Amino acid sequence: GAALLEQRAPVMVLHDADGFLTQLTRMLERSREKGAVYVTMKRYAGIEGKRGEPVDPADCRCLVRAVLGSTKASTMVAAKDHRRFMKSYANIMKVSLDSLKKKERRRGGEKKKAGAA
């Protein structure tokens, strides 16, 4: 019984907005050494939206998911709470993205000069 449950794939956990932001912060801290956190946002209109029926934009929600390896978290943000959530999300990202490394880019001009010589 219990051993079988442990072997199954991890389940996406639906948090409230503040709980999700806390989990996201923890994921970002763990990813500093190794790994990548993937965050996706998707418009969610409920059953009516799936059927193709018209939906009032005020009734739509935003499904936000974060994944780090096998750790998953998600939340649903209502339209009225969206601005407050995005401000908190932006602050977390600003603080957490200071450890990014600059990508090395090769200049196209250097290749052309090397090929001409």
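Everything numeric in this text was worked out from a predicted model, so none of it was measured.

In terms of regular secondary structure, the protein chain is built from 5 helices and 4 strands. Ordered by position in the sequence, the α and β elements of the protein chain form the string α-β-α-β-α-β-β-α-α. Residue burial in the protein chain is summarised as follows: out of 117 residues, 22% are buried. Taking all contacts inside the protein chain whose residues are at least 6 apart in sequence as the whole, residues at least 24 apart take part in 61%. When the accessible surface of the protein chain is summed, it comes to about 9,600 Å², and 52% of that surface belongs to carbon and sulfur atoms.

What follows deals with the sheet that holds strand 4 (residues 71-78). Sheet architecture is open: 4 strands sit in the order 1-4-3-2, paired in mixed fashion. Looking at the sheet topology across the chains shown, the edges are occupied by strand 1 (13-15) and strand 2 (38-44). Going across the sheet, the axis of each strand differs from the next one's by a mean of 25°, ignoring polarity. Relative to strand 3 (residues 61-68), strand 2 runs antiparallel, the two being bridged by 7 bridges. Residue Thr 40 lies in a different strand from strand 3, and its bridge partner there is Arg 65. Here helix 2 (residues 17-30) sits on the sheet and contacts strand 1, strand 2, strand 3 and strand 4; the angle it forms with strand 4, its principal contact strand, is near 145°. Where helix 4 (residues 82-96) meets the sheet, it contacts strand 2, strand 3 and strand 4, and its direction lies at approximately 145° from that of strand 4.

Okay, the side chain of Thr 75 next. Along the chain, Thr 75 turns up in strand 4. Among the polar contacts listed, one links the side chain of Thr 75 to the backbone oxygen of His 15, at a separation of 2.9 Å. Those residues in contact with Thr 75 that lie beyond four places of it in its chain are Leu 14, His 15, Asp 16, Ala 17, Phe 20, Cys 62, Leu 63, Val 64 and Phe 85.

With that out of the way, let us pick up the pattern of salt bridges. Counting across every chain of the model gives 2 salt bridges. Note that Asp 81 is salt-bridged to Lys 80, the shortest N-O span being 3.9 Å. Residue Asp 81 is classed as partly exposed on the basis of its relative accessible area, which comes to 31%.

Attention shifts here to the confidence of the model for the protein chain. Averaged over the protein chain, the pLDDT score is 80; the fraction of residues at 70 or greater is 79%. Here residues 1-8 scores under 50 on pLDDT; set against residues more than four positions off or in separate chains, the count is 0 contacts.

Once that is clear, we can look at helix 4. Between its first and last C-alpha, helix 4 extends 21 Å over 15 residues, near the 21 Å set by a 1.5 Å rise per residue. Listed in full, the buried residues belonging to helix 4 are Phe 85, Tyr 89, Ile 92, Met 93 and Ser 96. Buried positions in helix 4, seen along its axis, are confined to an arc of 95° and lie on one side of it. Opposite its buried face, helix 4 presents the exposed residues Arg 83, Lys 87, Lys 94 and Val 95, each directed more than 90 degrees away. Taken together, the buried residues of helix 4 touch helix 2, strand 2, strand 3 and strand 4.

Conventions adopted
Residues numbered from 1 in each chain as written. Predicted model: local features only at pLDDT ≥ 70, side-chain atom pairs only at ≥ 80, totals over all residues. Heavy atoms only, no water. Helix = DSSP H or I, 4+ residues; strand = E, 2+ residues; numbered from the N terminus. Buried < 20%, exposed > 50% of the residue type's maximum accessible area, 1.4 Å probe, protein only. Contact = heavy atoms within 4.5 Å. Areas by Shrake-Rupley, 256 points an atom, 1.4 Å probe, with all protein chains shown as cover. Pairing = 2+ DSSP bridges. Axes fitted to C-alpha atoms, helices over the stretch in contact; angles between N-to-C directions. Polar contact = N/O pair within 3.5 Å; in protein donor to acceptor, adjacent residues only side chain to side chain. Salt bridge = Lys/Arg side-chain N within 4 Å of Asp/Glu carboxyl O. pLDDT = per-residue confidence, 0-100. Expected span 1.5 Å × (residues − 1). Arc of directions from axis to C-beta.

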